[in-house]
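One-letter residues, chain by chain:
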Amino acid sequence: MEASLQGKVAVVTGGAKGIGAAVVRRLSNDGAQVIVADIDEKSGTELAGASARVSFVRCDVSDEKQILAVLDKVDSRFGRLDILVNDAAWQLNKPLLETTTEEFEQVMRINVTGSFIFLRESAKRMIAKGIPGAIVNFASTFAVVGSPGYLAYHASKGAIASMTRAAAIALQPHGIRVNAVAPGTVDTPGLHDGARDTGDERRGLESFLALQPLKRFGQPEEIANVVRFLVDEQASFVHGAVVMADGGYTIV
Ligand SMILES: NC(=O)c1ccc[n+]([C@@H]2O[C@H](COP(=O)([O-])OP(=O)(O)OC[C@H]3O[C@@H](n4cnc5c(N)ncnc54)[C@H](O)[C@@H]3O)[C@@H](O)[C@H]2O)c1
């Protein structure tokens, strides 16, 4: 049984929609104050409107100044930060030969650099207050397998898995645990965007489904369950792990 998150403060990037929104609901239902940092104002505001424990701050994670502004706001409003969930990402579905340098750099900027800056700045604030925080990054099965599309996205998620291990070692002396979850194919707006990038959303989704050992997509809540465990004291011996939550996608 997980402990209550009452009194804890969490930031969830990309928390306005999809898996991030399921994480926001799960952490706030379990007692945490959750700050959603996302570019989608409409979805973020709606989510915040549904719970007194959820607030929304517009933040583009590719902009360092906006990241610092979010964390300053969290500090002035709540005076502490216990949990960071780095969920925001651009899931660009493009093969190697069609990916421009600008697209590659932007995917890396959002997915990797954004997570890095949030991680570094959150850790600094946790250390300054002596808080034994928990940080969860979002990798993907695409960190460990290849596919015909998603070239830049594959590169970014491999970087996240590697950064998670290095950050876990760096922050271990401060009692801060760093882990990653690696979702398989989960039914979210991002999945539908990826299917649309193939030129035919319905056929794209069918081709993704054909690869699923469980013959279904994952649900955002199934990934939120893993995040919830990773930020809990029950996971006290889980450190630097990249936890696959993929319905067996990477074992067949
Ligand atoms: N859905 C899947 O099948 C799947 C599989 C493996 C990994 N993942 C990972 O899980 C995480 C969530 O995926 P999802 O499918 O729920 O995504 P999604 O695309 O449905 O939602 C992503 C959220 O991130 C926000 N976002 C995008 N760019 C941003 C930016 N620059 N700054 C701030 N916010 C930004 C979006 O507005 C959105 O709310 C991502 O890291 C993704 O790579 C998803």
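Everything discussed here concerns the structure shown above.
Residues numbered from 1 in each chain as written. Predicted model: local features only at pLDDT ≥ 70, side-chain atom pairs only at ≥ 80, totals over all residues. Heavy atoms only, no water.

**Let's talk about unusual backbone geometry**
What counts, and what does not: Elements are defined by DSSP. Helices are runs of H or I of four residues or more, strands are runs of E of two residues or more, and each kind is numbered from the N terminus. For each residue, the accessible area found with a 1.4 Å probe, counting protein chains only, is set against the maximum for its type, and the residue is called buried under 20%, exposed over 50%, and partly exposed in between.
Even without a glycine there, the phi angle at tyrosine 150 is positive, about 60 degrees. Mapped onto the elements, tyrosine 150 comes out in the loop between β5 (134–138) and α5 (151–171). One non-glycine residue, lysine 215, lies in positive phi territory at about 60 degrees. Residue class for lysine 215 comes out exposed when judged on its relative accessible area of 64%.

**Things to note about the site of the ligand**
Note the threshold: Working definition: residue near molecule or strand if any one of its non-hydrogen atoms lies within 4 Å of it. Think of a polar contact as two N or O atoms within 3.5 Å of one another; within protein, one of them needs to be a possible hydrogen donor and the other a possible acceptor, and neighboring residues in sequence only count if both atoms come from side chains.
Taken together, 28 residues form the shell around the ligand, and within it Asp38, Asp87, Tyr153, Val186 and Thr188 come nearest. Take aspartate 87: an N or O atom from its main chain is 2.7 Å from an oxygen atom of the ligand. The side chain of glutamine 91 places a nitrogen or oxygen atom 2.9 Å from an oxygen atom of the ligand.

**Quick notes on α5**
How we decide: Here the expected span of a helix is defined as 1.5 Å times the quantity of residues minus one.
For α5, with 21 residues, the first-to-last C-alpha span of 30 Å sits near the 30 Å given by 1.5 Å per residue. Residues of α5 that are buried include every one of Ala152, Tyr153, His154, Ser156, Lys157, Ile160, Ala161, Met163, Thr164, Ala167, Ala168 and Leu171, and no others.

**Observations regarding the side chain of aspartate 87**
Filter applied, for reference: When charges are counted, Lys and Arg contribute as positive and Asp and Glu as negative, whereas His and the chain ends are disregarded. For this analysis, a salt bridge means a side-chain nitrogen from Lys or Arg found within 4 Å of a carboxyl oxygen belonging to Asp or Glu. Between two residues, a contact is recorded if the distance between any of their heavy atoms is within 4.5 Å.
Residue placement: aspartate 87 occurs in the loop between β4 (83–86) and α4 (101–128). For the buried aspartate 87, no salt bridge exists, and the shortest N-O distance to an oppositely charged side chain is 7.5 Å, to lysine 157. Within the local environment of aspartate 87, its side chain forms a polar contact with the backbone nitrogen of glycine 20, the two atoms lying 3.4 Å apart. When sequence neighbours within four positions are dropped, the list of residues in contact with aspartate 87 reads Thr13, Gly14, Ile19, Gly20 and Phe138.

**With respect to the pattern of salt bridges**
Should their charged atoms come close, side chains of opposite charge can pair. Tallying each qualifying case throughout the model produces 20 salt bridges. Ionic pairing is found between glutamate 46 and lysine 42, a salt bridge with its closest N-O pair at 3.3 Å. Within this pair, glutamate 46 and its partner lysine 42 are both found in helix α2 (residues 41–49), separated by four residues, close to a single helical turn. By relative accessible area, which is 51% here, glutamate 46 ends up exposed. Overall, lysine 42 belongs to the exposed group, its relative accessible area being 62%. In this structure, the salt-bridge partner of aspartate 193 is arginine 196, at a minimum N-O distance of 2.6 Å. Here aspartate 193 pairs with arginine 196, and both are found in helix α6 (residues 189–197), just three residues apart, close to one helical turn.

**Some points on the packing of aromatic side chains**
Threshold: Only centres within 6.5 Å qualify two rings of Phe, Tyr or Trp (six-membered ring in Trp) as a pair; their planes then separate them into stacked at under 30 degrees, edge-to-face at over 60, and tilted for everything else.
What the rule picks out here adds up to three aromatic pairs. Summarising the aromatic geometry, the rings of phenylalanine 142 and tyrosine 150 are spaced 5.4 Å apart at their centres and angled 70 degrees between planes, so their arrangement reads as edge-to-face. The pair formed by phenylalanine 142 and tyrosine 150 is uniform in burial state, with each residue classed as buried. The class for tyrosine 150 is buried, based on a relative accessible area of 7%. By the ring-pair criterion, three or more aromatic residues cluster together here, those being Phe142, Tyr150 and Tyr153.

**Side note on the packing of helix α1 (residues 18–29) against helix α8 (residues 220–230)**
Using the following cut-off: Every angle, taken between N-to-C directions, lies between 0 and 180 degrees, and every axis is a line fitted to C-alpha atoms, over only the stretch in contact when it is a helix. Roughly parallel refers to an angle under 35 degrees, roughly antiparallel to one over 145, roughly perpendicular to one between 65 and 115, and oblique to any angle outside these ranges. Throughout, a crossing is termed right-handed when the near helix is turned clockwise from the far one, and left-handed when it is turned anticlockwise from it by less than a right angle.
Two elements in contact, α1 and α8, have axes separated by 8 Å at closest approach and are oriented at 55 degrees. One finds that α1 runs oblique with respect to α8. Note on packing geometry: the crossing formed by α1 with α8 is right-handed. On α8, the residues touching Gly18, Ile19, Ala22, Val23, Arg25, Arg26 and Leu27 of α1 are Pro220, Glu221, Ile223, Ala224, Asn225, Val227 and Arg228.

**So, the nonpolar core**
Filter applied, for reference: Among buried residues, the Ala, Val, Leu, Ile, Met, Phe, Trp, Tyr and Cys ones that are joined through side-chain atoms within 4.5 Å form a nonpolar core.
Judged by nonpolar contacts, the single largest core of 32 residues is most densely connected at Val11, Phe118 and Ile135. When residues of this core are traced back to their parent elements, those giving at least two are β1 (9–13), β2 (33–38), α3 (64–78), α4, α5 and β6 (177–183). The element contributing the most residues to this core is α4, with six residues. In this structure, valine 11 is in contact with Ile35, Ala37, Leu71, Val74, Leu81, Ile83, Leu84, Val85 and Phe118, ignoring residues within four places of it in sequence. With 30 residues, the next largest nonpolar core counts Leu5, Ala21, Ala48 and Val226 among its residues.

**Section: α3**
Formally: Starting at the helix axis, one direction is taken to each C-beta atom, and the arc is that of these directions.
The end-to-end C-alpha separation of α3 is 21 Å, in line with the 21 Å expected for 15 residues at 1.5 Å each. For α3, the set of buried residues is Ile67, Val70, Leu71 and Val74. In an axial view of α3, the angular spread of the buried residues amounts to 90 degrees, which keeps them on one side of the axis. In α3, the exposed positions angled more than 90 degrees off the buried face are occupied by Lys65, Ser76 and Arg77. The N-terminus of α3 is capped by aspartate 63, whose side-chain oxygen sits 2.9 Å from the backbone nitrogen of lysine 65. Within two residues after α3, glycine 79 carries a phi angle of roughly 75 degrees, on the positive side.

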